[in-house]
Amino acid sequence: IFRNDPDERVKANAVTALAFYNIPEINGLLYGLINHSNSRIRANAIIAVWPLAGDEMRRSLLDILRKMLSEKSSSIECCSALFVMRSIGDDPSVVSLHSGFCIKQQFRIIEDSRVRHHFLLFLSIYPVEETIDFMLKQSLLLTPPARKELVSSLSIAVKNGFNKELMYKYLENEFKSCRSVVLMALAESGTHPLNKSDEQRILKAAENEHRELYEHWFANHSILISEAGALPAVRLLSSAIYEECITSHVMNLCAVCAMLDKTGVIGAVAMRLFHEDRRVRARAIEVFDNVGYIRINRWVIEQIEVSDSGHHFEAAKTLYGIKTDSNSILHLVRAYIGHANSLVADCAAYAYNICRMNESMEKRATVAGGSGTDA
């Protein structure tokens, strides 16, 4: 096969098959393939010889993996190395290599979907606190699909025994996107039963989510009812705030509802709250009204049943005393320029520039009109 078959995939599969035979001649052949030019053959050879290798040989194999994970390596080589590391198992030197890759190659993990996929697969099986902490901070830079992949990886890590106590501590993280990822991961993992301390942390996170939700409702409605509210750029920002901020907080509250529900029913029907068929939504709301932590459930139901921004604007003032001392919306728009979500930030920057130009033009028109009257 190695001499005659031109298909490298066939050769790579042959390496995997030969690994089942512990015969000196075959082992010698496998050792000879650990530096093969094809990364898949090389990867399968390393997996095959690792259980047979002594300490010195393992150090050599780790050096090969480091080269495959270097900045100069291709995406395919990098994925092959991560596949090897996941296959080798819970070896301290391999886990350390994975953590080091996380720090040195963060850009590649964020930008390369294939590398990120293999990296997170390893993390889900062999979770390390420092690596999870690092990835949660990087969640600000991840696209929604990539963040969802991180959520899935962390939920599996919790199921595989990662310290839930640390996960609950992450709920207090200053990064809002970090809190969102943790809430979703905990809900997806089905973390039951909750002790009193964990429940209090989740309730505190829910309070934070609810307040921030109404801060966005207040800002959004204030922007819409302002003199500049009819401008297309402002309308665009309003849509971004609703879709990326308000909806995100509602989803986070749904995750909280699922965690506080001991029956597990809410987790199964939560997404039906957003179904296009009102009868499906009504059935889901009925479930939320009868199981779990009713007070938090009602927060979610209100968001589903009431879409009027004016209603939530008044609720923001009543519930949390949110207010603004300025007649200009520029300070509200400017606050979103630094938002973690790039769409919201870009829309805010665009709307801010348009609003400033609009205000400047109105002032010049006022001055010109005053001068004409004096004349």
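In what follows, the structure referred to is the one given above.
Residues numbered from 1 in each chain as written. Predicted model: local features only at pLDDT ≥ 70, side-chain atom pairs only at ≥ 80, totals over all residues. Heavy atoms only, no water.

Q: How would you explain the state of the cysteines if you had to name every residue and give the values?
A: All chains considered together, the criterion is met by 0 disulfides. Take Cys-257: it sits in no disulfide, and the sulfur closest to it among the cysteines is that of Cys-254, at 6.0 Å. On the accessibility criterion, Cys-257 (0% relative accessible area) is buried. (Disulfide = S-S within 2.5 Å. Buried < 20%, exposed > 50% of the residue type's maximum accessible area, 1.4 Å probe, protein only.)

Q: An account of the nonpolar core is needed here, citing residue identities and associated values.
A: One finds Leu-65, Met-135, Met-167, Phe-288 and Ile-296 to be the most contacted residues of the largest nonpolar core, which totals 119 residues. Looking at this core element by element, the count peaks at 16 residues for helix 14 (residues 232-260). What Phe-288 contacts, discounting residues up to four positions off in sequence, is Cys-257, Ile-266, Val-269, Ala-270, Leu-273, Ile-294, Asn-297, Val-300 and Ile-301. (Core = buried A, V, L, I, M, F, W, Y, C linked by side-chain atoms within 4.5 Å. Helix = DSSP H or I, 4+ residues; strand = E, 2+ residues; numbered from the N terminus. Contact = heavy atoms within 4.5 Å.)

Q: Tell me about the packing of aromatic side chains, and please be specific about residues and values.
A: Within this structure, the stated rule accounts for 5 aromatic pairs. Ring plane angle 45 degrees and centroid distance 6.5 Å describe the contact between Tyr-214 and Tyr-320, whose orientation is recorded as tilted. A residue pair is termed long-range when its members are at least 10 positions apart, and Tyr-214 in helix 13 (residues 196-224) and Tyr-320 in helix 18 (residues 309-320) qualify at 106 residues. A relative accessible area of 0% places Tyr-214 in the buried class. Given the relative accessible area of 22%, Tyr-320 is considered partly exposed. (Phe/Tyr/Trp six-rings, centres within 6.5 Å; stacked < 30°, edge-to-face > 60°.)

Q: Give a description of helix 3 (residues 39-49) that names residues and reports values.
A: Burial within helix 3 is extensive, with 9 of its 11 residues counted as buried. Three or more residues of helix 3 are buried, namely Ser-39, Ile-41, Arg-42, Ala-43, Asn-44, Ala-45, Ile-46, Ala-48 and Val-49. Next to the buried residues of helix 3 lie helix 1 (8-18), helix 2 (24-31), helix 4 (55-68) and helix 5 (75-88). Structurally, the start of helix 3 carries an N-cap: the backbone nitrogen of Arg-40 is 2.9 Å from a side-chain oxygen of Asn-38. (Polar contact = N/O pair within 3.5 Å; in protein donor to acceptor, adjacent residues only side chain to side chain.)

Q: Explain the side chain of Ser-80 residue by residue, including any values.
A: Residue position: Ser-80 is located in helix 5. Side chain to side chain, Ser-80 and Ser-39 meet in a polar contact 3.3 Å long. In contact with Ser-80, not counting residues within four places along its chain, are Ser-39, Arg-40, Ala-43 and Met-68.

Q: Before we move on, can you summarise the pattern of salt bridges with the specific residues and values?
A: Where side chains of opposite charge bring their charged atoms close, a pairing between them can arise. A complete count under the given rule lists 14 salt bridges for this structure. As a salt-bridge pair, Asp-289 and Arg-298 come within 2.8 Å of each other at their nearest N and O atoms. Residue Asp-289 is classed as partly exposed on the basis of its relative accessible area of 33%. With a shortest N-O distance of 3.4 Å, Glu-314 and Lys-317 are connected by a salt bridge. With Glu-314 and Lys-317 both in helix 18, this residue pair falls 3 residues apart, about one helical turn. Through salt bridges that share partners, Arg-179, Glu-209 and Glu-212 make up one connected network. (Salt bridge = Lys/Arg side-chain N within 4 Å of Asp/Glu carboxyl O.)

Q: Got a sec to walk through the side chain of Ser-124? Specific residues and values, please.
A: With respect to the helices and strands, the residue Ser-124 is situated in helix 8 (residues 113-125). On the accessibility criterion, Ser-124 (4% relative accessible area) is buried. For Ser-124, the side chain forms a polar contact with the main-chain oxygen of Leu-121, separated by 2.7 Å. Look past the residues within four positions of Ser-124 in its chain and what remains in contact with it is Ser-153, Ile-156, Ala-157 and Asn-160.

Q: Can you break down the packing of helix 1 against helix 3 residue by residue, with the values?
A: Taken N-terminus to C-terminus, the directions of helix 1 and helix 3 make an angle of 0 degrees; their axes are 9 Å apart at the nearest point. Relative to helix 3, the element helix 1 is oriented roughly parallel. The segment helix 1 lies against helix 3, with Glu-8, Arg-9, Lys-11, Ala-12, Asn-13, Val-15 and Thr-16 engaging Arg-40, Ile-41, Asn-44 and Ala-45. (Axes fitted to C-alpha atoms, helices over the stretch in contact; angles between N-to-C directions. Parallel < 35°, antiparallel > 145°, perpendicular 65-115°, else oblique.)

Q: Outline the packing of helix 12 (residues 176-189) against helix 13, listing residues and values.
A: Between helix 12 and helix 13, whose axes approach to 12 Å, the crossing angle comes to 125 degrees. With respect to their mutual orientation, helix 12 and helix 13 come out oblique. For the pair helix 12 and helix 13, the crossing hand works out as left-handed. Side by side, helix 12 and helix 13 meet where Lys-176, Arg-179 and Leu-183 of the first sit next to Ala-205, Asn-208, Glu-209 and Glu-212 of the second. Considered class by class, the residues forming the contact of helix 12 with helix 13 number 2 nonpolar, 1 polar and 4 charged. (Left-handed = near helix turned anticlockwise from the far one by under 90°. Nonpolar A, V, L, I, M, F, W, Y, C, P; charged D, E, K, R; others polar.)

Q: Give me the environment of Thr-247: which residues, what numbers.
A: With respect to the helices, strands and loops of the structure, Thr-247 is situated in helix 14. A relative accessible area of 27% means that Thr-247 is categorised as partly exposed. In the structure, Thr-247 is positioned 56 residues away from Gln-303 in sequence and 9.1 Å away in space, judged by C-alpha atoms.

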